[in-house]
Protein chains: 2
Amino acid sequence: MTPHRAYWDEPKETRTRAAREDEVLALLQAQLHRVYDEVPFYREHYDAHGFHPDQVHTLEDFTRLVPVITKSMLRADQAANPPFGSYLGVLESKIARIHGSSGTTGAPTLYGISHRDWEHVADVMAQGFYTAGIRPDDKVQLSTVFGMFIGGWGSLLGCERIGATTFPIGAGETERQLELMYRVGSTVLICTPTYALHMLERARSLGYDTAASPLRLGIFIGEPGAAIPGTREVLEKGWGMTVRDLATTSEMTPFATNAECQEGRGVHVLQDQVWTEIVDKADTHVGAPEGTSGGVVYTHLHRESQPMIRFASGDESHMTYEPCPCGRTYPRLPNGVYGRLDDMLIIRGANVYPSQVQRSLLTVPGTGVEFVIVLDRPDTMDRATVRVEYDPTLEPSDLDAFKRELTEAVQARLKNDTNISFAVEVLKPETLERSMSKAKRVDDRRPAMVAR
Amino acid sequence: MTPHRAYWDEPKETRTRAAREDEVLALLQAQLHRVYDEVPFYREHYDAHGFHPDQVHTLEDFTRLVPVITKSMLRADQAANPPFGSYLGVLESKIARIHGSSGTTGAPTLYGISHRDWEHVADVMAQGFYTAGIRPDDKVQLSTVFGMFIGGWGSLLGCERIGATTFPIGAGETERQLELMYRVGSTVLICTPTYALHMLERARSLGYDTAASPLRLGIFIGEPGAAIPGTREVLEKGWGMTVRDLATTSEMTPFATNAECQEGRGVHVLQDQVWTEIVDKADTHVGAPEGTSGGVVYTHLHRESQPMIRFASGDESHMTYEPCPCGRTYPRLPNGVYGRLDDMLIIRGANVYPSQVQRSLLTVPGTGVEFVIVLDRPDTMDRATVRVEYDPTLEPSDLDAFKRELTEAVQARLKNDTNISFAVEVLKPETLERSMSKAKRVDDRRPAMVAR
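Residues numbered from 1 in each chain as written. Chains lettered and ligands numbered in written order. Predicted model: local features only at pLDDT ≥ 70, side-chain atom pairs only at ≥ 80, totals over all residues. Heavy atoms only, no water.

(A) Local environment of the overall build of chain A. On a plain count of helices and strands, chain A comes out with 12 helices and 19 strands. Computed over its C-alpha atoms, the radius of gyration of chain A comes to 22 Å, within 12% of the 22 Å expected for a compact globule of 452 residues. Considering only C-alpha atoms, chain A reaches an extent of 70 × 60 × 40 Å along its principal axes. Residues counted as buried form 57% of the 452 residues belonging to chain A. Surface exposure of chain A reaches about 17,900 Å², of which carbon and sulfur atoms provide 51%. Positive and negative charge centroids in chain A, built from 48 and 61 side chains respectively, lie 2 Å apart. (Helix = DSSP H or I, 4+ residues; strand = E, 2+ residues; numbered from the N terminus. Rg over C-alpha atoms; globule rule 2.2 N^0.38 Å. Buried < 20%, exposed > 50% of the residue type's maximum accessible area, 1.4 Å probe, protein only. Areas by Shrake-Rupley, 256 points an atom, 1.4 Å probe, with all protein chains shown as cover. Lys, Arg positive; Asp, Glu negative; His and termini not counted. Charge placed at Lys NZ, Arg CZ, Asp CG, Glu CD.)

Structure (structure tokens):
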């Protein structure tokens with residue numbers, strides 16, 4: 001590797017918080033005025049809440065006064081104003097790219113991104129992926145779906161802007177992926193953590209020496225897995241590479257504004273691109289104190305097309321301004337985005353995230369990486385069952401005894417970590433269905449609750 | 001639609017043949033010297049054939065003296081010099097993009113395209129797609145696979161360079177594709193003709209008024225279908241759009257150097273990007289006379305990475321310099337590339353292309369668009385059976401009689417057009433397997449011949 005500079009944009013990345021926030025405030029004020037004057041969706045929303053952009057004189061005002069928007073508002077607005085909603089913000093003829101949301105929680109919404117924005121997206125994606133460690137002499141294998149989902153496309157754009165060699169092979173055809181990874185000598189892998197785990201299992205079963213793979217770095221998008229210590233460890237040891245977490249949510253493209261640096265202390269928040277607030281879970285107009293967990297609210301500072309202004313993402317996290325040895329002055333989300341509020345399960349009245357269950361499972365020796373939480377209600381009570389495969393590298397001599405012991409260990413760990421009594425089923429490796437993209441970790445078979 | 005200029009690059013597209021060929025000769029001479037001096041694959045090949053670049057003083061010399069290269073030579077060279085072969089032509093660190101061949105006729109070969117070339121590819125792809133009719137105010141739905149196969153990627157690059165709105169949704173999930181095509185209002189569809197036919201069938205079965213679709217133009221890549229009159233007619237009437245044929249072969253990226261203009265008189269050959277020769281089928285050093293069918297031999301004039309110099313593609317075509325009313329002075333392949341030499345079937349000693357069979361079938365009223373040719377050898381003789389679906393819009397009152405009559409009509413037509421007696425089976429619509437990309441039109445079950 002030839003030496004490369006440490007930062008993508010040193011003056012910007014290392015300036016003082018005060019200098020950055022002066023710029024952020026000016027950009028926020030300009031955005032508010034623009035969307036109020038030119039974007040019907042915001043004008044109506046703000047008028048309905050009695051808010052006017054002139055009221056914002058400080059960053060605190062911004063949090064205190066600007067009403068948030070939500071995914072369901074965007075969906076309703078697109079239904080009323082097809083195809084891009086009354087929040088498009090530019091003429092349709094200015095759109096460079098059309099993509100869409102995954103539609104996992106309802107009908108997909110359409111993204112329309114202008115030529116000007118798409119050009120800017122490339123710069124920001126480059127900064128994010130450079131922060132995560134990609135350099136011009138890397139060969140980057142992008143094993144992500146290229147279609148509606150924007151994750152792979154944005155990643156590709158950033159890697160191209162860095163000047164790396166890109167190998168956008170897409171997801172699927174895992175056996176061929178592996179053959180080509182070794183043949184090409186890919187140094188970086190970008191995909192979902194779920195797919196990286198699947199590739200790892202498959203490679204091992206095909207006899208590859210995965211710890212001696214050509215990969216030096218894995219950057220994972222689309223799911224929180226890379227920030228989960230157990231998953232990270234499995235991937236780092238398995239592939240013999242460093243793992244870094246990156247990305248926010250697709251509405252917030254350029255989504256690489258959460259990017260982990262070489263220190264591996266959580267994701268830096270590129271606050272001069274997307275202004276990211278952590279707010280009280282109960283009140284979006286109250287900032288959460290530094291270090292306290294809260295809802296994540298995002299604002300585009302530069303997008304002209306479909307700008308998101310105080311988008312309440314449903315993500316949960318906490319933030320710190322503690323200095324990072326890398327020299328970047330951006331704050332960090334030390335544990336990344338560790339759960340979506342709408343992914344949270346309520347089991348017999350208790351709250352638990354699938355990612356918490358995953359973290360617990362991975363600390364129990366003998367478990368594999370694949371699991372699913374099955375929820376049902378055989379009588380009046382919720383029943384929660386964790387179905388987990390055992391480690392495929394093990395060949396237990398007494399399978400029944402092994403399964404019994406592992407079942408007990410997993411139950412004890414889950415009870416300890418979540419305070420919920422789970423039923424546990426230990427399964428043979430390769431029993432559960434694999435995913436090429438986001439894993440389905442929850443199978444909720446409970447009858448729908450009657451709305452109150 | 002706002003008015004747009006008629007040409008992408010008017011001076012280049014309308015200059016005299018003599019002026020263009022002066023430039024072509026100079027570029028060919030420079031390419032030959034460069035590959036001889038810098039690219040081991042070519043140096044060895046030319047030395048082995050006693051050829052030296054100094055021998056080329058005219059375009060005729062180029063045909064007469066420069067030895068061709070073939071796909072199997074590239075495959076062998078990559079096996080000996082992994083991963084990109086000794087014909088890479090640039091340092092690996094200069095590669096922007098890695099893609100690969102489809103591997104339909106053997107192990108896939110890897111494509112490595114340099115940053116400089118990739119930038120140039122965008123310009124040429126833009127010229128090709130502009131010729132085929134895409135304008136900046138189009139919304140282009142790219143229903144092509146985005147992975148190893150370069151077809152969709154190159155198309156996307158060209159449409160982006162034109163400044164159109166691009167919607168790279170990928171292939172598959174046909175029902176969602178259709179919903180989004182209508183919702184977005186896509187004006188152009190790019191995919192394989194096979195997939196466009198599949199979408200059409202599916203849309204009709206879902207009750208869409210396809211003739212009133214938002215599409216105004218379909219540009220088809222990856223297969224010769226768009227140049228086959230019957231297929232073109234089905235797609236044009238079915239979708240209520242104009243159909244244009246485009247593309248060469250993926251080794252020749254920028255592959256949009258065969259592009260049909262608004263006149264619809266076959267594809268223009270962008271001779272100042274890829275120098276395209278039609279040669280005698282038996283001797284690659286003899287040019288085929290104008291209008292005579294022969295093998296297609298391609299040469300990159302501008303590529304520095306993996307330049308193809310006299311690549312004998314296995315394609316077959318004929319060329320004309322007859323002026324085109326569009327004003328472009330490029331010659332044309334009036335029927336496009338109408339068959340690959342290695343697709344040619346030999347049935348009881350007679351030659352036939354699957355595309356010929358397709359053309360014949362589509363002229364028989366009552367046939368659908370899906371068919372497959374099954375070849376076997378029950379005793380010592382080849383048996384050729386055409387299995388074809390009938391038109392899904394028909395509801396024959398007497399199905400047996402209808403099938404009997406259609407069988408006879410198809411047999412007579414095929415015998416007339418190909419001089420081969422085919423067995424014919426008429427099938428219900430939706431019986432044969434559908435493809436998302438290239439259709440499999442031949443099922444050859446004959447035992448392999450012993451090599452002589």
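Let's pick the thread back up.
(B) Fine view of the relation of the copies chain A and chain B. Expressed as a screw operation, the relation of chain A to chain B combines 0.1 Å of axial shift with a rotation of 180 degrees, fitting to an RMSD of 0.2 Å. Taken together, the rotation and translation describe the operation of a two-fold axis. Proximity to the rotation axis, assessed at the C-alpha, singles out Phe-146 of chain A in chain A; its C-alpha lies 3.0 Å from the axis. The fraction of interface residues of chain A whose copies in chain B are also interface residues reaches 100%, indicating that both copies meet through the same surface. (Least-squares fit on C-alpha atoms with pLDDT ≥ 70 in both. Contact = heavy atoms within 4.5 Å.)

(C) Broad picture of the layout of surface pockets. Its boundaries defined by the atoms lining it, the second largest pocket holds a volume of some 700 Å³. Leu-157 and Glu-160 of chain A together with Trp-118, Leu-157 and Glu-160 of chain B are, among the 26 residues lining the second largest pocket, the residues nearest its centre. Going through the elements one at a time, β1 (95-100), α6 (115-131) and α7 (151-162) of chain A together with β1 (95-100), α6 (115-131) and α7 (151-162) of chain B are the ones with two or more residues in the lining of the second largest pocket. Along the lines of polarity and charge, the residues of the lining of the second largest pocket split into 14 nonpolar, four polar and eight charged. (1 Å grid on protein atoms, 1.4 Å probe; cavity = no way out; pocket = protein on both sides within 12 Å on 5 of 7 lines; lining within 4 Å. Points joined across faces, edges and corners; volume = space filled by probe spheres on them. Nonpolar A, V, L, I, M, F, W, Y, C, P; charged D, E, K, R; others polar.)

(D) Quick look at the sheet that holds strand β16 (residues 367-376) of chain B. Residues and elements named next belong to chain B. Spatially, β18-β17-β16-β19 is the arrangement adopted by the four strands of the open sheet, whose pairing is mixed. Where the open sheet ends on each side, the last strands, each with one partner, are β18 (423-427) and β19 (442-444). Ignoring which end each strand starts from, the neighbouring axes of this sheet average 20 degrees apart. Both strand β17 (residues 383-390) and β18 contribute to a ladder of five bridges, which runs parallel. The residue of β18 that forms the bridge with Thr-385 is Ala-423. Strands in contact with helix α11 (residues 354-362) are β16, β17 and β19; relative to β16, the strand with the most contacts, it is inclined by about 140 degrees. (Pairing = 2+ DSSP bridges. Axes fitted to C-alpha atoms, helices over the stretch in contact; angles between N-to-C directions.)

(E) Quick peek at the pattern of salt bridges. Counting across every chain of the model gives 56 salt bridges over all chains. Residues joined in a network through salt bridges with shared partners are Arg-116, Asp-117, Arg-303 and Glu-304 of chain A. (Salt bridge = Lys/Arg side-chain N within 4 Å of Asp/Glu carboxyl O.)

(F) Structural detail: empty space enclosed by the protein. All names here are of chain B. As enumerated under the stated definition, the model contains six cavities of 30 Å³ or more in all. Space inside the largest cavity adds up to approximately 70 Å³. In terms of lining residues, the largest cavity is bounded by Leu-74, Tyr-87, Thr-109, Tyr-111, Ile-113, Ser-250, Glu-251, Thr-253, Arg-303, Gln-306 and Met-308. Per-class residue counts for the lining of the largest cavity are five nonpolar, four polar and two charged.

(G) Up close: the side chain of His-99 of chain A. Residue and element names in this part refer to chain A. Residue position: His-99 is located in strand β1. Using a relative accessible area of 1% as the deciding quantity, one classes His-99 as buried. Of note is the side chain of His-99, whose polar atom sits 3.1 Å from the backbone oxygen of Met-148. (Polar contact = N/O pair within 3.5 Å; in protein donor to acceptor, adjacent residues only side chain to side chain.)

(H) Broad picture of the packing of helix α8 (residues 174-184) of chain B against helix α9 (residues 193-205) of chain B. Residues and elements named next belong to chain B. Viewed as axis vectors pointing N to C, α8 and α9 meet at an angle of 80 degrees, and their least axial separation amounts to 10 Å. One element, α8, and the other, α9, form an angle in the roughly perpendicular class. From α8, Thr-174, Glu-175, Gln-177, Leu-178 and Met-181 reach across to α9, where they touch Tyr-195, His-198, Met-199, Arg-202 and Ala-203. (Parallel < 35°, antiparallel > 145°, perpendicular 65-115°, else oblique.)

(I) Focus on the interface of chain A and chain B. On the chain B side, the residues contacting the 32 residues of chain A number 32 residues. Of the roughly 2,700 Å² buried where chain A meets chain B, counting both sides, 56% is carbon and sulfur surface. Of all residues in chain A, Ile-98, Met-148 and Arg-183 of chain A give up the largest surface area on contact with chain B, accounting jointly for 21% of the area buried on that side. Across the chain A-chain B interface, the total number found is four salt bridges. Glu-92 of chain B is paired through a salt bridge with Lys-139 of chain A; the nearest N and O atoms lie 2.5 Å apart. Where chain A touches chain B, the interface holds 16 residue pairs in polar contact (both at pLDDT 80 or more). Going through the elements one at a time, β1, α6, α7, β4 (165-167) and α8 (174-184) of chain A are the ones with two or more residues in the side of chain A that touches chain B. (Buried area = accessible area lost by both parts, 1.4 Å probe.)

(J) Region of interest: the domain arrangement of chain A. All names here are of chain A. You can read the domains of chain A as domain 1 (1-341) and domain 2 (344-450). Contact between domain 1 and domain 2 buries roughly 1,800 Å² in total, counting both sides, with carbon and sulfur atoms accounting for 59%. Across the domain 1-domain 2 interface, the total number found is zero salt bridges. One can count one residue pair in polar contact (both at pLDDT 80 or more) joining domain 1 with domain 2. (Domains from an automatic or database assignment.)

(K) Focus on the pairing of β16 of chain B. All names here are of chain B. Judged by how many residues are buried, β16 sits mostly within the fold: 10 of 10 residues are covered. One ladder, built from seven bridges, connects β16 with β17; its direction is antiparallel. In the strand pairing of β17, Leu-375 is matched with Ala-384. Count of turn residues in the β16/β17 antiparallel hairpin: six residues. Relative to β19, β16 is paired through three bridges, and the arrangement is parallel. Paired with Leu-375 across the two strands is Asp-444, which belongs to β19.

(L) View of the packing of α6 of chain A against α7 of chain A. Residue and element names in this part refer to chain A. Relative to each other, α6 and α7 sit at 80 degrees, their axes nearing to 7 Å. Comparing their axes, α7 and α6 come out roughly perpendicular. Residues Trp-118, Glu-119, Val-121, Ala-122, Asp-123, Met-125, Ala-126, Phe-129 and Tyr-130 of α6 form the contact with α7, whose participating residues are Gly-154, Ser-155, Leu-157, Gly-158, Arg-161 and Ile-162.

(M) Quick look at the sheet that holds strand β13 (residues 332-333) of chain A. Residue and element names in this part refer to chain A. Here we have three strands laid out as an open sheet, ordered β8-β9-β13, and antiparallel in their pairing. One side of each edge strand has no neighbouring strand; the edge strands of this open sheet are β8 (258-260) and β13. Bridge count for β8 against strand β9 (residues 267-269) is three bridges, and the pairing is antiparallel. Of the residues in β9, the one forming a bridge with Glu-260 is Val-267.

(N) Structural view of the packing of aromatic side chains. According to the stated counting rule, one finds 19 aromatic pairs over all chains in the structure shown. Ring geometry for Phe-41 of chain B and Tyr-42 of chain B: centres 5.1 Å apart, planes at 85 degrees, overall edge-to-face. By the burial criterion, Phe-41 of chain B is buried, and Tyr-42 of chain B matches it. One aromatic cluster in this structure is built from Phe-41, Tyr-42, Tyr-46, Phe-51 and Tyr-87 of chain A. (Phe/Tyr/Trp six-rings, centres within 6.5 Å; stacked < 30°, edge-to-face > 60°.)

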